[in-house]
Each structure stands twice: as C-alpha cells, then as structure tokens.
Amino acid sequence: MLPAELPVAPADAPARPIHAVRPDELVAFSSALAPAQAAYLRDSGFAAKAQELVLLPGPEGIAAGVLGLGEDRSPYAFGDLPYRLPQGSWRFLPGDFDRDAAALGFLLGAYRYRAYKPPKREPASLSAPDVPVTAASLAASVWLVRDLINAP
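In short, a report on the structure.

### With respect to the overall build of the chain
Scanning the chain for helices and strands turns up five helices and six strands. Counted from the first residue to the last, the chain has its helices and strands arranged as β-β-α-α-β-β-α-β-α-β-α. A globule of 152 residues ought to have a C-alpha radius of gyration of about 15 Å, and the chain, at 16 Å, matches this closely. Taking the principal axes of the C-alpha coordinates as reference, the chain spans close to 50 × 30 × 25 Å. Excluding contacts between residues fewer than 6 apart, the proportion of contacts in the chain whose partners are at least 24 apart in sequence is 70%. Per element, the accessible surface of the chain, about 8200 Å² overall, is 60% carbon and sulfur. With 14 positive and 16 negative side-chain charges, the chain shows a spacing of 7 Å between the two charge centroids.

Right under this line is the structure:
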C-alpha cells in the first residue's frame, strides 16, 4: 500500500512517456523519432546534458518528455521532474538507467512541506507500474523525516 501523498497514478491511468537519454545515445534516439519530433529536438538544442528536459509535441499537445541524463547515474537526475513536467501521469520508457533509482528520485523531488502553505501546483505523477515498492517505501520514509525536520 502506497502512502496517499506520494504522486503515484493508478496503473490504468493514461500516462505520457518519458525518454531518458544519454549523450552517446542521442543520434540513435533521434533517428527513431517521427521526423517532426526529431527536428524539434534538434532545433531545441537538446544535447542530453544532465537534467536537460524537452517536451515533444504531438497531434494533441505534448506527446512525450525527453530527459537528458549526461553521465549522472544517481536518483537526483530525475528529482526535478515532478514540477518541471506538466501535471498528469508519466511513465519511464526503458533506457540506460536504474528504474528503481529513477522512481526514487522522482518521488523525492515531489516532496513539499505542506503544513502551512500548499505548493503552487501539484506535482506530475508517476504511473504505478514504474514505482517499485522499495522506492515508494523509502520515499515515504524520507517524506516523513523531512516533515519532522521542517515542523517548527
């Protein structure tokens, strides 16, 4: 059972994909995209540097997110996604990263102390199949400790 506060969407909720790309994979990744999306990615200057984010357009708005990882292999590479991605459900596509660490980084980045002031907006959520129980448990524990530290 996941804590209610964690931004985890139900498994059956529609989720947009997040591609996590390293610089040495960028050419192959771009060639697999639709031509218009590949051109958009190229024209945006995306170089797959750590925490670089581009939202790919689609016929009905934002089709996907592309996150640059650089050489960062820590959970922190994914930590700012909850508030940089538009609200809604997102899922990680397979790539050269640890999926457990990605989920942990995402969930830790979604934390805000809410006792006295709500955040300006709710974070994006991660699709439940992308959230291992260990990452959710660890994130929930860290959230609790952060609340205790932040409490006056």
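### Some words on helix α4 (residues 99-109)
Judged by how many residues are buried, α4 sits mostly within the fold: nine of 11 residues are covered. Burial in α4 covers these residues: Ala-101, Ala-102, Ala-103, Leu-104, Gly-105, Phe-106, Leu-107, Leu-108 and Gly-109. Those residues of α4 hidden inside the fold are in contact with β1 (8-9), α3 (81-84), β5 (89-92), β6 (125-127) and α5 (133-150). Backbone nitrogen of Asp-100 and a side-chain oxygen of the N-cap are separated by 2.9 Å at the start of α4; the cap is Asp-98.

### Observations concerning the pairing of β5
For strand β2 (residues 16-21) and β5, the ladder comprises three bridges, and the chain directions are parallel. Its bridge partner lying in β5, Pro-17 is registered against Arg-91. Between the parallel elements β5 and β6, the chain passes through α4 in a crossover that is right-handed.

### Observations regarding α5
Side chains three or four residues apart in an α-helix point the same way, a direct result of the helix having 3.6 residues per turn. With 18 residues, α5 should reach 26 Å at 1.5 Å per residue; the first-to-last C-alpha distance of 25 Å fits that figure. Taken together, the buried positions of α5 are Ala-135, Ala-136, Ala-139, Ala-140 and Trp-143. The arc that holds the buried residues of α5, viewed along the axis, is 130 degrees, so those residues lie on one side. The outward face of α5, more than 90 degrees from its buried face, is lined by the exposed residues Val-133, Thr-134, Leu-144, Leu-148 and Ile-149.

### Overview of the packing of α4 against α5
Direction vectors running N to C along α4 and α5 enclose 25 degrees, while the axes themselves pass 9 Å from each other. Taken together, α4 and α5 sit at an angle that is classed as roughly parallel. Once α4 is placed against α5, the crossing between them reads as right-handed. Where α4 approaches α5, its residues Asp-100, Ala-103, Leu-104, Leu-107 and Leu-108 are matched on the opposing element by Thr-134, Ala-135, Ala-136, Leu-138, Ala-139, Val-142, Trp-143 and Arg-146. Tallied by class, residues from the contact of α4 with α5 come to 10 nonpolar, one polar and two charged.

### What about the nonpolar core?
Among the nonpolar cores identified, the biggest contains 30 residues, and Phe-78, Leu-81, Leu-85, Phe-92 and Phe-106 are the most heavily contacted of them. Residue contributions to this core peak at six residues, all from α4. Judged by nonpolar contacts, the second largest core, of 12 residues, contains Phe-29, Ala-48, Val-54 and Val-66.

### Remarks on the side chain of Gln-37
Mapped onto the secondary structure, Gln-37 falls in helix α2 (residues 35-43). Look past the residues within four positions of Gln-37 in its chain and what remains in contact with it is Leu-56, Pro-57 and Ala-63.

Cut-off values and rules
- Residues numbered from 1 in each chain as written.
- Predicted model: local features only at pLDDT ≥ 70, side-chain atom pairs only at ≥ 80, totals over all residues.
- Heavy atoms only, no water.
- Helix = DSSP H or I, 4+ residues; strand = E, 2+ residues; numbered from the N terminus.
- Rg over C-alpha atoms; globule rule 2.2 N^0.38 Å.
- Contact = heavy atoms within 4.5 Å.
- Areas by Shrake-Rupley, 256 points an atom, 1.4 Å probe, with all protein chains shown as cover.
- Lys, Arg positive; Asp, Glu negative; His and termini not counted.
- Charge placed at Lys NZ, Arg CZ, Asp CG, Glu CD.
- Buried < 20%, exposed > 50% of the residue type's maximum accessible area, 1.4 Å probe, protein only.
- Polar contact = N/O pair within 3.5 Å; in protein donor to acceptor, adjacent residues only side chain to side chain.
- Pairing = 2+ DSSP bridges.
- Right-handed = clockwise from strand over helix to strand, strands pointing away.
- Expected span 1.5 Å × (residues − 1).
- Arc of directions from axis to C-beta.
- Axes fitted to C-alpha atoms, helices over the stretch in contact; angles between N-to-C directions.
- Parallel < 35°, antiparallel > 145°, perpendicular 65-115°, else oblique.
- Left-handed = near helix turned anticlockwise from the far one by under 90°.
- Nonpolar A, V, L, I, M, F, W, Y, C, P; charged D, E, K, R; others polar.
- Core = buried A, V, L, I, M, F, W, Y, C linked by side-chain atoms within 4.5 Å.

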